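Now for the letters of each chain:
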Amino acid sequence: MSVPYETAAYEPAESPESPEEHLARLLGRALNSFELPDETIRRLDRALAHDSSLHSAHHSAGLHRETYRHTWLLADGSALTLWELVHNTAPGRDTQHEVYEDEEELRTATGRLPLPADAPDFELPALVLVSHVPEQLHAYVPDDSADHGRRLLRRAENPDRPGEDMADLLRLAFAHQITQAFGRPCRAGERGMCFSLYEHAFLLHDGRELSLWEVEHTATPDGRHMCEVYPSEEDARDAMERRASASGGSAG
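Reading guide: rules and limits
- Residues numbered from 1 in each chain as written.
- Predicted model: local features only at pLDDT ≥ 70, side-chain atom pairs only at ≥ 80, totals over all residues.
- Heavy atoms only, no water.
- Helix = DSSP H or I, 4+ residues; strand = E, 2+ residues; numbered from the N terminus.
- Buried < 20%, exposed > 50% of the residue type's maximum accessible area, 1.4 Å probe, protein only.
- Contact = heavy atoms within 4.5 Å.
- Areas by Shrake-Rupley, 256 points an atom, 1.4 Å probe, with all protein chains shown as cover.
- Core = buried A, V, L, I, M, F, W, Y, C linked by side-chain atoms within 4.5 Å.
- Pairing = 2+ DSSP bridges.
- Patch = residues over 30% accessible without salt bridge, like charges linked within 9 Å, V, L, I, M, F, W, Y side chains within 5 Å.
- Salt bridge = Lys/Arg side-chain N within 4 Å of Asp/Glu carboxyl O.
- Lys, Arg positive; Asp, Glu negative; His and termini not counted.
- Charge placed at Lys NZ, Arg CZ, Asp CG, Glu CD.

### Structural notes on the overall build of the chain
Regarding its fold elements, the chain presents 6 helices and 10 strands. Scored against the burial criterion, the 252 residues of the chain give a buried share of 43%. By sequence separation, contacts in the chain at least 24 residues apart represent 58% of the contacts at least 6 residues apart. Of the roughly 13,800 Å² that the chain leaves accessible, carbon and sulfur atoms contribute 52%.

### Digging into the environment of Val215
Note on placement: Val215 falls in strand S9 (residues 209–217). Judged by relative accessible area, which is 2%, Val215 ranks as buried. Taking the C-alpha atoms as reference points, Val215 and Ala236, 21 residues apart in sequence, are found 6.5 Å from one another.

### Examining the environment of Gly28
Looking at where Gly28 falls in the secondary structure, it is placed in helix H1 (residues 19–29). Exposure remark for Gly28: the relative accessible area of 66% places this residue in the exposed category. Sequence separation between Gly28 and His97 is 69 residues; the distance between their C-alpha atoms is 9.6 Å.

### Digging into the nonpolar core
Among the nonpolar cores identified, the biggest contains 13 residues, and Leu153, Met166, Leu170, Phe202, Leu210, Leu212 and Val229 are the most heavily contacted of them. Elements with a contribution of two residues or more to this core: helix H4 (145–155), helix H5 (164–170), strand S8 (195–204), S9 and strand S10 (226–230). Looking at this core element by element, the count peaks at 3 residues for H5. Ignoring any residue separated from it by four or fewer positions in sequence, one finds Leu170 in contact with Ala146, Gly149, Leu153, Phe202, Leu210 and Leu212. Grouped together as the second largest cluster of nonpolar side chains are 12 residues, Leu23, Leu44, Trp72 and Leu80 included.

### Overview of the pairing of S9
Bridge count between S8 and S9: 9 bridges; the pairing is antiparallel. Its bridge partner being in S9, Ala201 is matched across the sheet by Ser211.

### Observations concerning a negative patch on the surface
Side chains of Asp160, Glu234, Asp235, Asp238 and Glu241 sit close together on the surface and give a patch of like negative charge. Tracing the chain through its elements places Glu234 in helix H6 (residues 233–246). With a relative accessible area of 60%, Glu234 lands in the exposed category.

### What about the environment of Asn32?
With respect to the element layout, Asn32 can be found in the loop between H1 and helix H2 (38–44). For Asn32, a relative accessible area of 8% corresponds to the buried category. With 65 residues separating them along the chain, Asn32 and His97 place their C-alpha atoms 8.2 Å apart.

### Here we look at unusual backbone geometry
Backbone geometry at Arg93 places phi at a positive 60°, although glycine is not the residue there. With respect to the helices and strands, Arg93 occurs in the loop between strand S3 (79–87) and strand S4 (96–100).

Here you go:
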């Protein structure tokens, strides 16, 4: 029969662990950790953050099996997942741990366990996952990103630009990506205006992501280029609307 995940034999650590400590604990208890490729271990040694969640569980006639998803955020902005299989189906009923890099290998190993084939698994619904590392939307480039953030804020001319709190966060940046978003195109004529909108996405050393939105435009009294920076796309587009309206246009 299936049972709620709170009854599973596996107990997560109560105190926060560093990515290195979490990896060491996982590899230390897994009987087959030596099968993981050396390159995988090297990549995980440089992880910035980690998260774990229960993926599925099965309990039947005194036997149990749980699978866990362990995900690390790496220094290059990508994520790497290891799958842990925990069960007590070996002789003696001792709890054993196995680890796999590929989900297909996990399914193969799970299929070898002496558990009733017709018994359904308990799968944790998405809304009550223990934890989750979101898929990243940016392809970060490691660079002098902290300095890029500093220069971005320095050239912003709007009075409501992000302040010292944001500047402090950007000092933790080690990679970033700049993407041009849809903005207001140039308008021909005597009062021609140009608007461009850019997202500056930053990856911080602690694994957090943040974005600043830069508006470049010529909706100024003398037609010169002006840079404004905002903490959200909504704020940036509102500013574009205001500037265009004040200059006799309408944002598109």
